[in-house]
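What follows is each chain in one-letter form.
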Amino acid sequence: MPMINIEDRRNNRGLPIPPLFQLLTLLRFYGTSNFQIVNGDLRRIHQSTVSRIITRLSKIMASNAKHHVHFPRNVDEWKVVQVKFYKMYKMPGIGGCIDCTHIKIQNPGGPDLEAFRNRKGYFSLNVQAVYCGPSMEFMDIVVRWPGSYHDSFIFSSSYANKYFDERTHNMLLLGDGGYACKTYLFTPLRNPVTPPELKYNKAQIRTRNIIERVFGVWKRKFPCLQRGLANAPSTIVNIIIACAMLHNISRKYQNADDDSDDEEDILEEEYGEYNDDNNILGPAARSAYIVRHFS
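Quick summary incoming for the structure in this document.

Criteria and cut-off values
- Residues numbered from 1 in each chain as written.
- Predicted model: local features only at pLDDT ≥ 70, side-chain atom pairs only at ≥ 80, totals over all residues.
- Heavy atoms only, no water.
- Axes fitted to C-alpha atoms, helices over the stretch in contact; angles between N-to-C directions.
- Helix = DSSP H or I, 4+ residues; strand = E, 2+ residues; numbered from the N terminus.
- Parallel < 35°, antiparallel > 145°, perpendicular 65-115°, else oblique.
- Contact = heavy atoms within 4.5 Å.
- Nonpolar A, V, L, I, M, F, W, Y, C, P; charged D, E, K, R; others polar.
- Pairing = 2+ DSSP bridges.
- Salt bridge = Lys/Arg side-chain N within 4 Å of Asp/Glu carboxyl O.
- Buried < 20%, exposed > 50% of the residue type's maximum accessible area, 1.4 Å probe, protein only.
- Core = buried A, V, L, I, M, F, W, Y, C linked by side-chain atoms within 4.5 Å.

So, on to the packing of helix H7 (residues 195–208) against helix H12 (residues 281–294). Contact geometry for H7 and H12: axes closest at 9 Å, N-to-C directions at 100°. It follows that H7 is roughly perpendicular to H12 by the angle criterion. Here Pro 196, Glu 197, Lys 199, Tyr 200 and Ala 203 of H7 come into contact with H12, specifically with Arg 286, Tyr 289, Ile 290 and Phe 294. Taken together, the residues that form the contact of H7 with H12 break down as six nonpolar, no polar and three charged.

Pasting the structure below:
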């Protein structure tokens, strides 16, 4: 007897919802921030069915994100990224900008619920992202840590930290003052004095702010991320990753997207809590970079 694929819904047994209809239901949820019951009422689908559609299809999309969210795969692709960054504000050798953003979630309950309460008082996941240049695409995303975890801790535990630390392509990351200055991660100077230092700070801040714009564009494109998510924890992770993948696809095929600035917390993050790291190699490398390129 031939095996039956339980995922095959191309027949009419049990009046199944067509795959395309399911996909459109999922995209409506991502793109309108409506509650599941509202999405169901629009097409006469029960809320529980909408929930199952979102859970199943988000998992499928997230499992394919690696094909669309990844670092450049060779030296030539890295050179393209470097050139894009240099054309912005004349900072050579830059391979990406890094920052975190909070995605609001419902009270997760359990003994560890306070770990999810961020410094602004609501429950969230602190999502780390690395972006490349004016194309505003995700190169890496980490959706794992509760909202109370600091950006620098998330970075130290991430693959991006290891990847840039190995300096395979000799590229630099730009981060805000919340990160520790490293030989491969340059942050703004806390108290710039000399003209080269002032020029560096201006270029660093203006270049790095691309990531703030991307967060705004991303959340405006997928309002479910802005409103907050009340799904199961594993589904929330899949939704965020799926939205990152869809963002990259849209950037690839529709570069004329609405890119109006929607920067979030730039001043607060830029001049907020500084990470005073005792490692002297990072500041020394940054000083040499300033002397070489901004004197």
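This part takes up the sheet that holds strand S2 (residues 124–132). Working definition: the strands of a sheet are paired by backbone hydrogen bonds and lie parallel or antiparallel to each other. One open sheet holds the five strands; their spatial order is S3-S2-S1-S4-S5, and the pairing between them is mixed. For this open sheet the edge positions go to strand S3 (137–146) and strand S5 (185–186), each flanked by a neighbour on one side alone. Pairing of strand S4 (residues 172–174) with S5 involves two bridges; the strand directions are parallel. In the strand pairing of S5, Leu 174 is matched with Phe 186. Against the sheet, helix H8 (residues 210–221) contacts strand S1 (94–104), S2 and S3, and its axis sits at roughly 45° relative to S1.

Let us now look at the pattern of salt bridges. Applying the stated criterion to the full structure yields four salt bridges. Across the pair Arg 117 and Glu 114 runs a salt bridge, and its minimum N-O distance is 2.8 Å. With a closest N to O distance of 2.7 Å, Lys 162 and Glu 166 form a salt bridge. We classify Glu 166 as partly exposed; its relative accessible area is 45%.

Another aspect to go through is the nonpolar core. Among the nonpolar cores identified, the biggest contains 78 residues, and Tyr 30, Ile 141, Trp 218, Leu 225, Leu 229 and Ile 240 are the most heavily contacted of them. Of all the elements, helix H10 (residues 233–253) adds the most residues to this core, at nine residues. Apart from the residues within four sequence positions on either side, Ile 141 is in contact with Val 69, Val 127, Gln 128, Ala 129, Trp 218, Ile 240 and Ala 244.

Our next topic: unusual backbone geometry. The backbone of Lys 90 sits at a positive phi, close to 65°, despite the residue not being glycine. With respect to the helices and strands, the residue Lys 90 is situated in the loop between helix H4 (75–89) and S1. The backbone of Met 136 shows a phi angle near 60°, a positive value even though the residue is not glycine. Along the chain, Met 136 turns up in the loop between S2 and S3.

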